[in-house]
Amino acid sequence: MQLTEGHVTADRFVAGRAAAGPPGGERPSRAPLRGLSIREGLTAATCALIGMGAGVARAGEVDTAVLLYSEADRVTVLEGVVKGRREIGESGRAVGFRLTVDALTGASANGATPADRVQTFTSPSGRSAYTTPTGRTPLNDTFSDRRIAAGATWEEPLGRLSKGSLGLDVSWERDYSSFAASGVLSRDLFLRNTTLVAGASGSWDRVSPRGGAPESFSWMPPPAPGGGGDDDKRALAGGGTWASGGEEVWIFEDDDEGSEGPAKSKSTFDLLAGITQVIDRATILQVNYTRSRSIGYLADPYKLLSVLPAAGGESGTLAGPVGYRFEKRPDARTKHAVLGEAKHHFRRDMAGVSYRYMWDDWGVVSHTIDVRYLWQRDGPGFWEPHVRLYRQTAADFYARFLVDGEPLPESASADYRLGEMATYTVGLKYGRVLPSGHRAGIRVEYYEQRSEEPAGDPRVPSGSDLYPTVRAGIVQLDYSFDW
Amino acid sequence: MDLRWEGDHWVGAFDAMASPCQLLLDPAPRERAEELLDLAAREARRIERKFSRYREDSVVHAVNAGAGAPVRVDEETARLLDFADRCYRLSGGRFDITSGVLRRAWVFDGSDRLPSAEKVERLRPLVGWERARWSPPEITLAPGMEIDLGGIGKEYAVDRILSLLVERFDSAVLVNLGGDLRASGPRASGAAWVVGIEDPSAEGVPVRSIDLRRGALATSGDARRFLEKDGTRYGHILDPLTGWPVAGAPRSVTVLADMCTEAGFLATLAMLHGLEAERFLETQGVSHWCFR
C-alpha cells in the first residue's frame, strides 16, 4: 500500500507519483486534461445543484414584525406585519400572504409657514380645526389613522426554468383605499446563474378625506363656529364640529364615514425589468429598472400653502399670511428608477450594498445608498450594522409659500416630501436562532432628515425654521418560523 | 436511530443508502439534536427512495423504463441531470451516468472471471450520455439504455442535508453518509472535527487523521471490488469510453473540497485518470489522498 497526498495549503504539492510506464491496453484518444477549468466549471454546477433548495423539509416560512417609528414631536407609527409563504408539494407552486396593520398618531407639517401670530387651520370642510402657536412650524395634529392592508400572491412554475407570479393587494384607511394587482415573470438562464425578471402592476386608489377632497388652490375655509379656539383644540383633534341652527352638534370622526363631498381617484401603472446574475459562488449582482406612471388626483388633501403678503408692503413683514390655499399638483407623474444591488458572502459574514437612482418628470431626482454588513458571531447570534444615505432635489413646482397678488403658478406644493432634502439612517440589528429553530431579531435605528436652509426670507418671522430638521427613532422586533 | 453524548458533542447514527451514517453536532438541547437527526435521516431516505435504481417507485426506474419515450422529470431530478450533464462535459465523457449497464458484463467478485470482449462490445452502444436526449424537463433514453445516479446521489444527499441543517442550527454540524462527509464550519470551541482516512485494503484502520473545520471529503474506490487474471488486477472503475476497467487506477482516492458533490466528482474523475490520478488532482489544486 502506498499513500500519496497532495495539499493545497503546503508551499508545494507533496510530490505525486509519476505515471509509471505506458498505460495498458488500447485507449481511445481523450480530451486533454483541463487543469483548473474543471473545478471552476464545477463550482457553478454544484451551486446550481444545491443552491436552489427545492426541499420537502422547508416548505414555508412565516415572518412577523412589529415596528415603531417615532419622530420627535411629530408622527408616531406603530405597525404590525405578518407574512408567509408556503410551497405546495414539490412542484414549485407556492402561495403567499401578507397582512399589515398600522396606527398613525401625532402631527405632520401641513405646508404652511411659521407666523408671528397664532394660526388656525381647518379641514377641507371647515369642520375640524387645529392651531399653531407663534413662530412654530404648523403641524396638523388631527391625524389618528389606522390602516389595514392585505395581500396574496400565487407563484406557478412555467416549465422548469420559468416562474410566474400573480399578486393582489388591498388596503383601507378611513380616507384612503387602494386596490392593486401585479404579475411577474422570471426565467433562469445559463445553469441558473442568470435570472431575468419582467413584471407589470396597476393600482387604483381612492381618496375621500373628511368633507371631500378640496379643490386645487381653493382657499382654506374659515373655521366653523366654535372651532379653532385653543380650548377646543383637544376636542376637535378627535372629532369635528357641525353647526346647525345655532346648536353645536359634535360628531366624532370615527362615526363619520368621511365620504361626503367629492372623492378623488388616481391610477398607477408600473413596469419592471430586472436581471440577477450570480458572479461567483459568493457574489450576486442584481439590477432592476422600474417605470411608474400615475394619473389622477396626486395631491395631498391635507397640505396647504401660506399666501404671504407681497414683500415691501408697509405692514408686510409681520402681518402674517393673508390666507392659505390647498396645494395643486400636476395630474400625471412618470417616475423611473434604477436599482443596483450586490451581495457578497464571506466565509461566514455577508455584505450588501445597493444604489438607487430615481428621476421623474416633476423634477425630482434622488440617490439612495444602502450598506449593510452581517457579522456572524460564534454561536447562534449575528449583528448587522446598517447605513442608508438619501438625497433628493425639489420638484419644479415646490414652493415654500405663495405670494399674494402674484399670478398662481401652474402647480405648487409646500409638502416637504417634494422639497430638497438629505436624510441618513444608521442602525444596528441583533438576530439569533432560538433553540426551537425559530429566528428572532431586534433592530434599532436613528433617522434624520435635513433641508438646505436658504437665506432668510423677510416675509416670515426671523428665527423661525422654514425647513425644520426631522429626527426619528425606529425599533423593530421580528420573529420567523417554519410553516 | 441512535443519539449519544460524546463529551462535547452529539453523535447521531442511522442507516441509509446501504451505509452507516453519522451526524455530529455541537452542544444543543437533546430534543433539538433528536429533531435534527430525524430530519437528516428522513432527507437521506427521501433521496435514496427517489433516486435508487433498485426501487420500482423511483424516478430513476421511471426514466429507465421509458423505452425510447420521453419521460418528464421533476425539478430536483432535473437539477441532478443538469449536474450530470455538466460533469460529462467537464470530464470529456469520462464521467457518464449511463455507464451502469456495463455492470451486466462486469461482476467484481474478486475472481478471475473476466467477461468476453464480445459481451462488452454488445453493451457499448448502450453507453453514452450524448445518446440520451436531455431536453429539460424531458429525458429520452434509447431502449436498453439506463441512467444511474449512484455516482452522485450520496454526495448530493450530504450537501442537501447539510444545507437543511445549517438553516435550522447555527452551531457546527458534520454529516457523514458512509464516508462521504461535510462539515459546516468551525466548532464553538474552536476545535476541528477529527476525521480518519482508512486504508482501503484494511477496513477500519485509519492511516491518516484530518482536522476538518469546514469542507467536504469524498472517497472513490473499493478495494474489495476487483477481478484479477494472469497477474493483472482489474479495479471496479469502468471507463465508459472503452467498456473496460481503467488501467492503473488507484485503490482509493479521497478529495477535500468545499462541497461533497464537488469532492465526489473529482475523486471519481481522478480514478478514471488511472495512472495519472495524482497528477490530475494536483492540477485541480485540491487536497487529496491516493492509495495504491
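Computed from a predicted model, the values in this text were never measured in an experiment.

A. Molecular detail of the overall build of chain A. Of the regular secondary structure elements, chain A holds two helices and 24 strands. When burial is assessed residue by residue, chain A has 42% of its 483 residues classed as buried. Approximately 24,400 Å² of chain A is accessible, and the part contributed by carbon and sulfur atoms is 58%.

B. Quick peek at the packing of aromatic side chains. Counted according to the given criterion, the structure contains 14 aromatic pairs over all chains. Pairing Phe 121 of chain A with Tyr 130 of chain A gives two aromatic rings, centres 5.5 Å apart and planes at 25 degrees, and the pair type is stacked. On the basis of relative accessible area, Tyr 130 of chain A is assigned to the buried category, the value being 4%. Ring geometry for Tyr 479 of chain A against Phe 481 of chain A: centres 6.2 Å apart, planes inclined by 55 degrees, an arrangement best described as tilted. Tyr 479 of chain A sits in the partly exposed class, given a relative accessible area of 30%. Judged by its relative accessible area of 26%, Phe 481 of chain A is partly exposed. One aromatic cluster in this structure is built from Phe 121, Tyr 130 and Tyr 324 of chain A. In this arrangement the basic side chain of Arg 400 of chain A is found over the ring face of Tyr 467 of chain A, its NZ or CZ atom lying 5.8 Å from the centre. For the cation-ring pair, Arg 187 of chain B lies above Trp 193 of chain B, with the distance from its terminal atom to the ring centre recorded as 4.2 Å.

C. Molecular detail of the nonpolar core. Residues Phe 14, Leu 81, Trp 129, Ile 139, Val 175, Leu 177 and Phe 265 of chain B are the most contacted members of the largest nonpolar core, which totals 90 residues. Setting aside residues no more than four positions away along its own chain, Phe 265 of chain B makes contact with Ile 38 and Leu 42 of chain A together with Cys 87, Leu 90, Ser 91 and Phe 95 of chain B. Val 11, Leu 174, Trp 193 and Leu 217 of chain B belong to the second largest nonpolar core, which has 14 residues in total.

D. Molecular detail of the sheet that holds strand β4 (residues 71-72) of chain B. All names here are of chain B. Ordered in space as β4-β6-β5, the three strands form an open sheet in which the pairing is antiparallel. The two strands at the open ends of the sheet, each matched to only one other strand, are β4 and β5 (133-135). Here two bridges tie β4 to strand β6 (residues 138-140), and the two strands are oriented antiparallel to one another. The partner of Arg 72 across the bridge, within β6, is Glu 138.

Calculation rules
Residues numbered from 1 in each chain as written. Chains lettered and ligands numbered in written order. Predicted model: local features only at pLDDT ≥ 70, side-chain atom pairs only at ≥ 80, totals over all residues. Heavy atoms only, no water. Helix = DSSP H or I, 4+ residues; strand = E, 2+ residues; numbered from the N terminus. Buried < 20%, exposed > 50% of the residue type's maximum accessible area, 1.4 Å probe, protein only. Areas by Shrake-Rupley, 256 points an atom, 1.4 Å probe, with all protein chains shown as cover. Phe/Tyr/Trp six-rings, centres within 6.5 Å; stacked < 30°, edge-to-face > 60°. Lys NZ or Arg CZ within 6 Å of the ring centre and 35° of its normal. Core = buried A, V, L, I, M, F, W, Y, C linked by side-chain atoms within 4.5 Å. Contact = heavy atoms within 4.5 Å. Pairing = 2+ DSSP bridges.

These figures come from the coordinates and say nothing about function on their own.
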